[in-house]
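Examining the three-dimensional arrangement
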Amino acid sequence: MSEAKPFCISKWEVWEAYKRVKANKGAAGVDEQTIEDFEKRLKKNLYKIWNRMSSGSYFPPPVRTVKIPKANGGERKLGIPTVSDRIAQQVVKSRLEPEVDRLFHADSYGYRPGKSALEAVGRARERCWRYDWVLDLDIKGFFDNIDQNLLMRAVKKHAKDRWNILYIERWLKAPTQEEDGRLVPREKGTPQGGVASPLLANLFLHYAFDRWVATNYPQVVFERFADDVIVHCRTEGEALAMRKAIAARLQNCGLELHPEKTKIVYCNDDDQRRTYLNEKFDFLGYTFRARSSMTRKGKHFVNFSPAISVKAAQAIRTEVRSWKLQQRSDKAIEDLSRMFNPIVRGWLRYYGRYYRSALYSPRRQLDRDLTLWAAQKYKKLRRHLRRASHWLARIRKRTPGLFAHWQMSVRHGSAMGAV
C-alpha cells in the first residue's frame, strides 16, 4: 500500500468485502452491472475501489429505487446500490461494526454478529409468560425518516477512522434514482437495502430507544430487531404510559409511531373473566396468541405462545406454487429434492422452532404439488390423484429423508417442540 494515500485501507479489506458482497448476491444498481459483470474485470475493479477510497476521492453513485409490494397492499421502497458501492460500504461496515456492536443493548437482535431473529422470538415468548401486557411498536417509515444529523453525531462519537465518517456522510447524501430515471436528493433517512444501513439503523436506535429505555425505565424489558420492537409491561396502565413516553421520545428524534399499527396487547393465558381489544401480535414471522398446549405428561393447558403467522404461511405456500412442480415432469423426484430441499429445510428450521403443528398448511401444499407432479410424470397415475397420493406416501415411507418436511415429527397442539 502506498504511503502517499491519506487513508490507511488495505487491499485485503477490499478483497474480503468483495467476497461478502458476492456471497449475499443482490440485484444490479443504476449502472446495471451484475456481480458477474463486475468479475469480468475483477482485479481492475477492486483496485479502482481501493485506490479511490484510500485517496479520499470515492463518491457513491445514486441508489436505484425499487418498489416491492407489502402484504397490506402498500409498497416498500428499497435502495439498491451498485456492486462497487456495496463493496465500498462493506469495507466501512467491517471497520465500524466492531467499534459499535459491543456497545449495543443485549436485547437488540437485528443484523448483529452472534444474534438472531429466533433468539428474539424465544426471549419474547419467555417474557410473555411473565408479563401480562405487550406494547407492539411500529415506527412509521423508519429507514426513510432517520435524522441524518443525529445519526452523524453518533457516528462521529464512535468511528475511529476519519474516512468512515467521510464516506458514511457521502452515502447518506447520495441521491436516489427513481424508476422513471429522476434523481431525487436525500436529506433524511438511509436506503433500506444498503450494506451499511442496518448497522447505521442500529446505532441510531441504540441512542433513540435502547439506551433511553434502559436509563429512564430500567424495570421495562423489550426485544428489538432493527425497527421491529416489542415492549413488555406488567399492567395496562404501564403500557399506556410507555406508549406515550416512547412516542414523545421518538418524536424528539425525528420519528413517529404509526397510530394504527402500534398496539397494546393483553397476553391472555386462559383468563376467561374478560376479553380485550388486542390479544395477539405478530413478531418476526410469528403470531403470539393463546394456544391449546400439552405438557409432556399429557395434561392440556392454555399457553400464550408463538407459531408461524398467517402471512408467513401464505408466503411459503405462494412460493411453493411458484415452483410449478407439476410442469417439471422432466425431473426425477431426487432432482426436486436437491433443488428445493435447502429452502424447505430453512423454513422448517425457522418456523418449526415453536408450535410445529401450525406448519401443517405449508407442508400440505408442498405434498399436494408433489402429488400433481407425480400424476403428470407417470402415465399410470394420470387422472388418478388418489393413486398418485398413495404412490407419494410409499416413497415417503421408504425414504423419509428425501424431503425435509417428511422428517418432522409433529405433536399437534404442542408449543414445546424444537428443531
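Heads up: the structure comes first, above all this text.
Residues numbered from 1 in each chain as written. Predicted model: local features only at pLDDT ≥ 70, side-chain atom pairs only at ≥ 80, totals over all residues. Heavy atoms only, no water.

1. Focus on the nonpolar core
Formed by 67 residues in total, the largest nonpolar core has its most connected members in Met-53, Ile-87, Val-231 and Ile-246. Sorting elements by how many residues they give to this core places helix α9 (residues 197-216) first, with 11 residues. Once residues within four sequence positions are removed from consideration, Val-231 is found in contact with Trp-133, Val-134, Leu-135, Leu-137, Phe-209, Val-220, Val-221, Phe-222 and Ile-246. Grouped together as the second largest cluster of nonpolar side chains are 51 residues, Val-121, Val-320, Leu-359 and Met-408 included. (Core = buried A, V, L, I, M, F, W, Y, C linked by side-chain atoms within 4.5 Å. Buried < 20%, exposed > 50% of the residue type's maximum accessible area, 1.4 Å probe, protein only. Helix = DSSP H or I, 4+ residues; strand = E, 2+ residues; numbered from the N terminus. Contact = heavy atoms within 4.5 Å.)

2. Some words on the sheet that holds strand β9 (residues 281-283)
Strands pair in a sheet through their backbones, by hydrogen bonds, and they do so in one of two ways: parallel or antiparallel. Spatially, β9-β10-β11 is the arrangement adopted by the three strands of the open sheet, whose pairing is antiparallel. Two strands lie at the open edges of the sheet, namely β9 and β11 (300-308), each paired on one side alone. The average angle at which neighbouring strand axes cross in this sheet is 50°, direction not considered. Two strands pair when backbone bridges link them, and β9 and strand β10 (residues 286-294) are joined in this way by three bridges, in the antiparallel orientation. Bridging across to β10, Phe-283 finds its partner in Tyr-286. Sitting on the sheet, helix α5 (residues 117-130) is in contact with β9, β10 and β11, with an inclination near 60° to β10. (Pairing = 2+ DSSP bridges. Axes fitted to C-alpha atoms, helices over the stretch in contact; angles between N-to-C directions.)

3. Looking at the packing of helix α11 (residues 310-322) against helix α12 (residues 333-351)
Packing of α11 against α12 brings their axes to within 12 Å, and their N-to-C directions diverge by 170°. The orientation of α11 relative to α12 falls into the category roughly antiparallel. Contacts between α11 and α12 involve Ala-312, Ile-316, Glu-319 and Val-320 on the former and, on the latter, Ile-343, Trp-347 and Tyr-351. In terms of residue class, the contact of α11 with α12 is made up of six nonpolar, no polar and one charged. (Parallel < 35°, antiparallel > 145°, perpendicular 65-115°, else oblique. Nonpolar A, V, L, I, M, F, W, Y, C, P; charged D, E, K, R; others polar.)

4. Considerations on helix α4 (residues 83-101)
Here α4 spans 25 Å end to end across 19 residues, near enough to the 27 Å set by a 1.5 Å rise per residue. Of all bends in α4, the biggest is about 30°, found at Arg-95, and the proline Pro-98 comes one to four residues later. Burial analysis of α4 places 16 of its 19 residues in the buried class, which makes it a mostly covered element. (Expected span 1.5 Å × (residues − 1). Bend = angle between axes of the 7 residues up to and from the residue.)

5. Topic: the side chain of Arg-224
Tracing the backbone through its elements, the reader meets Arg-224 in strand β6 (residues 221-225). Taking the relative accessible area as the measure of exposure, Arg-224 reaches 0% and is therefore buried.

6. Here's the deal with the sheet that holds strand β5 (residues 183-184)
Spatial ordering of the open sheet is given by β2-β1-β4-β5, a layout of four strands whose pairing is mixed. With partners counted over all chains shown, the strands left at the sheet margins are β2 (75-80) and β5, one partner each. Here six bridges tie strand β1 (residues 63-69) to β2, and the two strands are oriented antiparallel to one another. Looking across to β2, one finds that Pro-69 is bridged to Glu-75.

7. Notes on the environment of Met-339
Structurally, the position occupied by Met-339 is in helix α12. In this structure the C-alpha to C-alpha distance between Met-339 and Tyr-109, which are 230 residues apart in sequence, comes to 31 Å. If sequence neighbours within four positions are ignored, Met-339 has contacts with Arg-328 and Lys-331.

8. Let's talk about the pattern of salt bridges
Two side chains with opposite charge may pair up if their charged atoms get near one another. Applying the stated criterion across every chain, the model contains 19 salt bridges. Residues Glu-99 and Arg-102 are paired through a salt bridge, measuring 3.8 Å at the closest nitrogen-oxygen approach. A relative accessible area of 61% means that Arg-102 is categorised as exposed. What you see here is one network of salt bridges that share partners, running through Asp-107, Arg-123, Glu-126, Arg-127, Arg-130 and Glu-223. (Salt bridge = Lys/Arg side-chain N within 4 Å of Asp/Glu carboxyl O.)

9. Focus: unusual backbone geometry
Backbone geometry places Glu-32, a non-glycine residue, at a positive phi of 60°. Of note, Glu-32 is situated in the loop between α1 (11-24) and α2 (35-39). In this structure, Tyr-111 takes a positive phi of about 55° despite not being glycine.

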